[in-house]
Amino acid sequence: MPRPDPEHPAAHDAHLHAATLKRLEQSSGRLAANAIARMDESLPWYRAMPPENRSWIGLVAQAGIAAFTEWFRHPETPQAISTDVFGTAPRELTRAITLRQTVEMVRTTIEVMEAAIDEVAAPGDESVLREALLVYAREIAFATAQVYAQAAEARGAWDARLESLVVNAVLSGEADEGAVSRAAALGWNSPEHVCVILGTAPDGDSELTVEAIRRAARHAKLQVLTGVLGNRLVVIAGGSDNPLQVAKGLIGPYAAGPVVAGPVVPDLLAATRSAQAAAAGLKACSAWQDAPRPVLADDLLPERAMAGDPAARDQLVEEIYRPLEEAGSALLETLSVYLEQASSLEGAARMLFVHPNTVRYRLRRVTDVTGWSPSDVRSAFTLRIALILGRLAAADPQS
């Protein structure tokens, strides 16, 4: 080989570069083996991994050194480092090792290469090789972040689709063991108390809305499955037996308008009942213009019944009319007369030929039996609707 002319520095640098490149190519196998040995010595998580994953990591280290060799060969040519290095390993590897572990693996490999610079570089070319390695280390760091960011985005998109499937199954009444399994894959730990909150979704990016719900849920120490379905924001919340408190804690991301909390149910399979009650309440909420926000679906029973919700009609009959009927005809008669007399104790007493205190005592019994107070305007309206529905049901046993 002709000696480089010292009067031509470019020719001299090219000669050194070619010599260093040749020595780098010859040393690549040994450097990869040294990197693997260093990882085995200094990284406990690497030693604990299955042989298959360790072999993939070894291929990544070899590919990294080979990519650096190509980088050094053509420093002016852009290199797709993430493809060159991480493309040798399957996508599942990003699930087998964490980002922190990948950074440790890359750092160990770079340290091994850096320690061998004086041995690998041609005499006089050490600083050039060291500078190239520093630049390459920066690029490989960016490539590592890109690979994990893409994997995280892919997992996030898949999780979002999975979550939407679960939420839609609950809302449509199709929740089954498959939905429970999908929820478990999303981190749902089967809390004892579950309720569904429904309201209008805000305009804009639904992903931001979902993330806002998750932040609110973390603050309230709740588990949630959530999604935007059409113009509705649906939240399945677990971990509290107080649905109104749950709704208040999560109401921030909802758009203006009614927000309805369904009743508490024992698990995700039963959440359809809570979702259907909340959906019926949301539909009927316009009939109660002074309804609080949020409002319980059970507080909207009369509006739901009048809007045609069979579950609300059955609930009013079973929870109000039937218990009053079983408690004796005096309570039903007294309540009916009291409501007909515009909630007047004296008027009801005259119609019933009893003392007002007797009416007062019977009305307290109505409250004890049903949980609704006849003296409260809103409760009186609910009791009146329950009486009407109960009489209709008694008149038509087949209904």
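So, a few notes on the structure that sits alongside this text. (Residues numbered from 1 in each chain as written. Predicted model: local features only at pLDDT ≥ 70, side-chain atom pairs only at ≥ 80, totals over all residues. Heavy atoms only, no water.)

1. Description of the environment of R364
Phase 1: With respect to the element layout, R364 can be found in helix α17 (residues 356–370).
Phase 2: In this structure, the C-alpha to C-alpha distance between R364 and L331, residues 33 residues apart in sequence, is 9.8 Å. (Helix = DSSP H or I, 4+ residues; strand = E, 2+ residues; numbered from the N terminus.)

2. Side note on the packing of aromatic side chains
Phase 1: This structure, assessed with the given rule, holds three aromatic pairs.
Phase 2: Consider the rings of W45 and Y46, whose centres lie 6.3 Å apart with planes at 85 degrees: the pair is edge-to-face.
Phase 3: Classification of W45 as buried rests on a relative accessible area of 13%.
Phase 4: Given the relative accessible area of 4%, Y46 is considered buried.
Phase 5: Between F68 and F72, the ring centres sit 6.2 Å apart and the planes meet at 35 degrees, which makes this aromatic pair tilted. Of the two residues, F68 and F72 are both situated in helix α3 (residues 51–73); the distance of four residues between them amounts to about one turn of the helix. Exposure class is identical for F68 and F72. Each is buried. (Phe/Tyr/Trp six-rings, centres within 6.5 Å; stacked < 30°, edge-to-face > 60°. Buried < 20%, exposed > 50% of the residue type's maximum accessible area, 1.4 Å probe, protein only.)

3. A short note on the nonpolar core
Phase 1: In this structure, M39, W45, I57, F68, M105, L129 and Y136 are the most contacted members of the largest nonpolar core, which totals 33 residues.
Phase 2: Sorting the residues of this core by element identifies α1 (9–42), α2 (44–47), α3, α6 (99–115), α7 (117–120) and α8 (126–172) as the ones contributing at least two each.
Phase 3: A per-element tally of this core places α3 first, with eight residues.
Phase 4: Sequence-distant contacts of F68, that is, excluding residues within four places in its chain, are made with L24, M113, L129, A132, L133 and Y136. (Core = buried A, V, L, I, M, F, W, Y, C linked by side-chain atoms within 4.5 Å. Contact = heavy atoms within 4.5 Å.)

4. Re the sheet that holds strand β1 (residues 194–200)
Phase 1: Strand order across the open sheet formed by five strands is β2-β3-β1-β4-β5, with mixed pairing between neighbours. Two strands lie at the open edges of the sheet, namely β2 (223–229) and β5 (295–296), each paired on one side alone.
Phase 2: Sheet contacts for helix α12 (residues 271–284): β1, β3 (232–238) and β4 (259–261); angle to β1, the most-contacted strand, approximately 30 degrees. (Pairing = 2+ DSSP bridges. Axes fitted to C-alpha atoms, helices over the stretch in contact; angles between N-to-C directions.)

Any link to function would need more than the numbers given here.
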